[in-house]
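Secondary and tertiary structure notes
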Amino acid sequence: IETNRWARIFYKHIIFRESCFNCKYTTLYRKSDFTICDAWRIDNQKDKFDDNKGTSLFLLNSGKAFNIFKILSKGNLFCDLENLSSYKQPQLIEPPARGEEYNVFWNNYFKSGKKAFIKFTKDPIKVIVKKKLKNFLKKFPCIKRAFKWK
């Protein structure tokens, strides 16, 4: 996340639309038949599902969804969850909170456009130092082995 500019401001809740902060659809009681999202913290709950590539949480919101799922799930790996709250994302329950820098970002963006994006997404100093150090160590593998860094 630290090295991905878009992810950095996304997870700070800076680039969400204004309507996201008042979304009436952030509830477990959905009108859709299915809800598909990431299963957060799956590694803490179900080891066989943690492949470091991502695991989906597939919520069945209706009888119709349950019947379709019975057909589609044959031969696929799935399990019932004992405690849904261990896996779900906060936005399944409530809208996101506006990020602390939300107003500052948008005020700057409307004044200076791309410059505001660059300012808010530039790498923190520790990331810059880490990148430079990694590049340096690539040139001198003997130093890298001495520190046992990856």
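Everything quoted here is computed from the prediction, not taken from an experiment. Numbers given for residues are sequential positions, taken from 1 along each chain in its written order. A pLDDT threshold of at least 70 governs which residues receive local features in this predicted model, and a stricter bar of 80 or more applies before side-chain atom pairs are shown or counted, although totals over entire chains, interfaces and linings include all residues. With hydrogens and water stripped out, all remaining heavy atoms of the structure feed into the side-chain values.

A word on the confidence of the model for the protein
Should pLDDT be low for a region, the predicted coordinates there are not to be read in detail. On average, residues of the protein score 79 in pLDDT, and 76% of them reach the 70 mark or higher. Across the chain, each position has a pLDDT score giving the predictor's confidence in that residue, from 0 to 100. Secondary structure elements are defined from DSSP: runs of H or I of at least 4 residues count as helices, runs of E of at least 2 residues count as strands, and each element is numbered from the N terminus. Highest mean pLDDT in the protein belongs to helix α3 (residues 102-112) (91); lowest belongs to helix α6 (residues 141-147) (61).

Things to note about the environment of Y109
Looking at where Y109 falls in the secondary structure, it is placed in helix α3. Considered as a pair, Y109 and K119 are 10 residues apart in the sequence and their alpha carbons are 9.8 Å apart.

Some points on the packing of aromatic side chains
By convention, a stacked pair of Phe, Tyr or Trp rings (six-membered ring in the case of Trp) has centres within 6.5 Å and planes under 30 degrees apart, an edge-to-face pair has planes over 60 apart, and any other such pair is tilted. This structure, assessed with the given rule, holds 14 aromatic pairs. Each ring, one from W106 and one from F110, has its centre 5.7 Å from the other, and the planes form 35°; the classification is tilted. Within this pair, W106 and its partner F110 are both found in helix α3, separated by 4 residues, close to a single helical turn. Residue class for W106 comes out partly exposed when judged on its relative accessible area of 22%. Accessible area is worked out with a 1.4 Å probe on protein chains only. A residue is then buried under 20% of its type maximum, exposed over 50%, and partly exposed in between.

Here we look at the packing of α3 against helix α4 (residues 114-121)
Axes here refer to lines fitted to C-alpha atoms; in helices the fit is confined to the stretch in contact. Angles between the N-to-C directions go from 0 to 180 degrees. One way to put it is that α3 packs onto α4 with a least axis distance of 6 Å and a crossing angle of 145°. Facing α3, whose interface residues are V104, F105, N108, Y109 and S112, α4 presents K114, K115, A116, F117, K119 and F120. All amino acids are sorted into three groups, where Ala, Val, Leu, Ile, Met, Phe, Trp, Tyr, Cys and Pro are nonpolar, Asp, Glu, Lys and Arg are charged, and the leftover types, Gly among them, are polar. A class-by-class count of the residues in the contact of α3 with α4 yields 6 nonpolar, 2 polar and 3 charged. Contacts: residue pairs with any heavy atoms within 4.5 Å of one another.

Quick notes on the nonpolar core
Think of a nonpolar core as a cluster: buried Ala, Val, Leu, Ile, Met, Phe, Trp, Tyr and Cys residues, connected wherever their side-chain atoms sit within 4.5 Å. Within the largest apolar cluster, 6 residues are counted, these being C37, A39, I42, L57, L59 and L92. One finds I14, F105, F117 and F120 within the second-largest nonpolar core, a separate group that totals 5 residues.

Observations regarding the side chain of T26
Secondary-structure assignment places T26 in the loop between α1 (5-11) and β1 (34-38). The term polar contact refers here to a pair of N or O atoms within 3.5 Å; inside protein, the definition further demands a hydrogen-donor-capable atom paired with an acceptor-capable atom, and it admits residues adjacent in sequence only when both atoms are side-chain atoms. In this structure the side chain of T26 is engaged in a polar contact, spanning 3.1 Å, whose partner is the backbone oxygen of C23. Apart from residues lying up to four places away in sequence, T26 is in contact with Q91, L92, I93, E94 and P95.

Some points on the pattern of salt bridges
Salt bridge, as used here, is a side-chain nitrogen of Lys or Arg placed within 4 Å of a carboxyl oxygen of Asp or Glu. Counted under the stated rule, the structure contains 3 salt bridges. Of the charged contacts in the structure, one is a salt bridge between R98 and E18, with a shortest N-O distance of 2.2 Å. On the criterion of sequence distance, the pair formed by R98 in the loop between α2 (63-72) and α3 and E18 in the loop between α1 and β1 is long-range, its members being 80 residues apart. According to the relative accessible area criterion, E18 is partly exposed, its value standing at 41%. Its salt-bridge partner being K64, residue D33 comes within 3.9 Å of it at the nearest N-O pair. Of this pair, D33 sits in the loop between α1 and β1 while K64 sits in helix α2, and the two are 31 residues apart along the sequence.

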